[in-house]
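# Summary of the model geometry
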Amino acid sequence: MLNTQQFIADCEAVRSKSPLVHNITNYVAMNIAANGLLAIGASPLMSFYEEEMDEIVKIASALVINIGCLDSNEIAGMKAAAEAADKYAKPWVLDPVGAGASVVRTQTALELIKNHPTIIRGNASEIMCLAGAQIASRGVDSSEKSSDAVDAAKSLAKSTGAVVSVSGPVDYITDGERVETIANGSPLMPMVTAMGCTASALTGAFAAVSPTAFDAALHTMAVMGLAGEFAAKDAKGTGTFGVNFLDELTVFNAEEAVKSLRQI
Amino acid sequence: MLNTQQFIADCEAVRSKSPLVHNITNYVAMNIAANGLLAIGASPLMSFYEEEMDEIVKIASALVINIGCLDSNEIAGMKAAAEAADKYAKPWVLDPVGAGASVVRTQTALELIKNHPTIIRGNASEIMCLAGAQIASRGVDSSEKSSDAVDAAKSLAKSTGAVVSVSGPVDYITDGERVETIANGSPLMPMVTAMGCTASALTGAFAAVSPTAFDAALHTMAVMGLAGEFAAKDAKGTGTFGVNFLDELTVFNAEEAVKSLRQI
Amino acid sequence: MLNTQQFIADCEAVRSKSPLVHNITNYVAMNIAANGLLAIGASPLMSFYEEEMDEIVKIASALVINIGCLDSNEIAGMKAAAEAADKYAKPWVLDPVGAGASVVRTQTALELIKNHPTIIRGNASEIMCLAGAQIASRGVDSSEKSSDAVDAAKSLAKSTGAVVSVSGPVDYITDGERVETIANGSPLMPMVTAMGCTASALTGAFAAVSPTAFDAALHTMAVMGLAGEFAAKDAKGTGTFGVNFLDELTVFNAEEAVKSLRQI
């Protein structure tokens, strides 16, 4: 189960250390990912220009690569950044958006995995695709339940050495042996774009301060699920939900919030 | 006039079928277009990478190409996507943002039209430019009234075979013969960026489920106008308007909403 | 001190003239920058495609170049736009985001400065970097207080001929001799992404209508600080702050608002 004291300590560490999190993410997610990072106390930097990747990764505390919007320039930047993170031993998070939806997406994700991501965070379809399971992907939204992906996630964790974080109605976090869950959240969350991308960005911030990659992945999904649940309470629709969600991250009180945590 | 039963049926079909709508759109519009699609029940996918266009268009239910932010990579992706949509007989929507404002914009739009868009959706300036009318464009906001564009729209519909949807204080939808209007909306709508782009994205969702392209274009503008009108009621400014608009799309009740419809 | 009558006149001129402001800005900022411009009454246009830069700059009333998200295509577009602005004697604003964080950022900013920006608007770290001061940059958020940058700003203004606008808890505006301050704002502002980029975009609108570049820079920071302060009043967190901020810009009443102005 989630260690409450360590969870509170990690949340406080993000605010007190304000880690610089370098994000290569898609255009849909950039604004909300940056605002999510700022709201929890981290410092976001968005850049994918190959020429500056080595310098930027070097000064950052963590790197997040999200392959949502690909083009040849972005892929070059992603590769350079992943190599730099590996070289400088910076924690880094891979979000394999849409892996399985096209050949180039699956290949780009598999190529990046060679640079030893600390954490791989995706939905069930993406994780099952990367684990080699034969599934029919349907765009970038998952057509699989996250529970179906647990075995795939364990297998992917074992083969890559990364912690694997699978988001869905119940989130699963595994290092290949241990499996933890977060069962908070709201049905409004998959109706708001880039919530998964925001989870990946926040995972980068926790990876920069947490003693272990497993805790970083687990604590992030706890924050996402709790803030999402609180944000949904007074939401009329996805507009107010999005606003409330940033507000809940801004005022997030780990000690109080953790009382609402549900694990299964 | 708009057929109320068909309007309700189309709105329900978007929610029940949740069509995968592939968008190539500009960076300003990506977030709100994706959130708008999710709020009405569709499933958005944003990608412009030439290498995966054929695969993505193949799995999508509709394609939307918005030329708002051009560069050479994006143009290559747009052309590949339009060709694939034509090849796989997928309904597709062209939003010729800023046609007339530069040579490359006009040329790109005219080039894409060769791939037989199902629906062309733009403002009066853009439609008049594409129809060959001599007008002075002023950036990406229309310097023409939408009513001035009716003849141009009919002419463009006849020459291309597309349904043409012109947004403005009154929206005009035509297939070259029949002309329908939607007179709902709010003066706040042109003060919020990417509302036209959102209309194009939603047109893609309706094009995926509606029996006819004409109904798809008409029903989308009805949803936009009605949700916009409802959203403006309690809006202090464009910030709350944007939030309310997504809320109104989320809770949109076609049967109730259509009672407020105005056509002229 | 700020001239109240001139401030009111400039705010009214933005609404009555609705200047077309051409922005080359980063993907994080595009939506809020466009919405900020629309809310104060200006007309935004976002494009960075090299091929259309000359035409777009020619029809625009002002240009804003923000180097937040660089790649080789964007840099080519920025250079073409800056050259065109210089050629057509259009007022233009440079926001040197992250100057000092990588070699290519510093070089790109210095290269663009050769095309005579009317106003350079950045945070303390960026301005000190461009002025040649030896400082340690930490990503794109400033690690320097804006007051530390006053001497650097004066020096940069003298060497470039540009008005320099440094944002921070207190904003400093200088032409190399005269220095004015704006002390409004809210601690929530640096917790929302792209507020600096929005300040640059709005500076473009004021540069298009204001009799002097100094007034344009000063009046923009007054609007930003005042609207930000009003927006923070009822904000629970950064979500509601962002919404309130656009609302405050929409309903901004210069005559009333200026009564809350603080200069030091």
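Sequence positions are assigned chain by chain, starting from 1 and proceeding in written order. Following the order in which they are written, the chains are lettered starting with A and the ligands numbered starting with 1. For a predicted model such as this one, the threshold for reporting local features is a pLDDT of at least 70, and the threshold for listing and counting side-chain atom pairs is 80 or more; totals across whole chains, interfaces and linings nevertheless cover every residue. Calculated side-chain values reflect all of the structure's heavy atoms, with hydrogen atoms and water omitted.

## Quick look at the pattern of salt bridges
We define a salt bridge as a contact between a side-chain nitrogen of Lys or Arg and a carboxyl oxygen of Asp or Glu at a distance within 4 Å. Per the stated rule, a full pass over the model turns up 24 salt bridges over all chains. We note a salt bridge from Arg105 of chain B to Glu52 of chain C, for which the minimum N-O separation is 2.8 Å. Here Glu52 of chain C lies in the loop between strand 2 (43–46) and helix 3 (53–59) and Arg105 of chain B lies in helix 5 (residues 103–113), a pairing that spans two chains. Across the pair, exposure class does not vary: Arg105 of chain B and Glu52 of chain C are buried alike. Here Glu111 of chain C and Lys114 of chain C are joined by a salt bridge, their closest N and O atoms 3.6 Å apart. Judged by relative accessible area, which is 33%, Glu111 of chain C ranks as partly exposed. In this text, helices come from DSSP runs of H or I with a minimum length of four residues, and strands from runs of E with a minimum of two, each type numbered from the N-terminal end. For every residue, the accessible area obtained with a 1.4 Å probe (protein chains only) is divided by the maximum for its type, and the residue is called buried under 20%, exposed over 50%, and partly exposed between those limits.

## As for the relation of the copies chain C and chain A
With an axial shift of 0.0 Å and an RMSD of 0.0 Å, the rotation relating chain C to chain A amounts to 120°. Expressed as a symmetry operation, the mapping of one chain copy onto the other fits a three-fold axis. Residues of chain C ranked by C-alpha distance from the rotation axis are headed by Tyr27 of chain C, positioned 3.5 Å from it. We call two residues contacting when some pair of their heavy atoms lies within 4.5 Å. Of all interface residues in chain C, a mere 10% are interface residues in chain A too; the two copies therefore contact each other through different surfaces. For this overlay, a least-squares fit was computed on C-alpha atoms, restricted to residues scoring pLDDT of at least 70 in both copies.

## What to know about the interface of chain C and chain B
Contact residues are listed per partner, giving 30 residues for chain C and 29 residues for chain B. Accessible area that two parts lose when put together, with a 1.4 Å probe and added across both, is what the buried area reports. For the pair chain C and chain B, the summed buried area comes to about 2500 Å², and 58% of that belongs to carbon and sulfur atoms. Among the residues chain C hides against chain B, the three largest losses belong to Leu38, Tyr49 and Asp247 of chain C. Together they make up 22% of the total. For the pair chain C and chain B, the number of links is 2 salt bridges. Across the pair Glu248 of chain C and Lys236 of chain B runs a salt bridge, and its minimum N-O distance is 2.9 Å.

## Comments concerning the interface of chain C and chain A
In this complex, chain C contributes 29 residues to the contact, which on the side of chain A involves 30 residues. Here chain C and chain A share an interface that buries about 2500 Å² over both sides, 57% of which is from carbon and sulfur atoms. Taken together, the connections running from chain C to chain A amount to 2 salt bridges. Of all the elements in the fold, those that place two or more residues in the side of chain C that touches chain A are helix 4 (72–87), helix 5 (103–113) and helix 10 (238–250) of chain C. The element best represented in the side of chain C that touches chain A is helix 10 of chain C, accounting for 4 residues. Basically, the charged four are Asp, Glu, Lys and Arg, the nonpolar ten are Ala, Val, Leu, Ile, Met, Phe, Trp, Tyr, Cys and Pro, and anything else, Gly included, counts as polar. Looking at the side of chain C that touches chain A residue by residue, the classes come out as 14 nonpolar, 10 polar and 5 charged.

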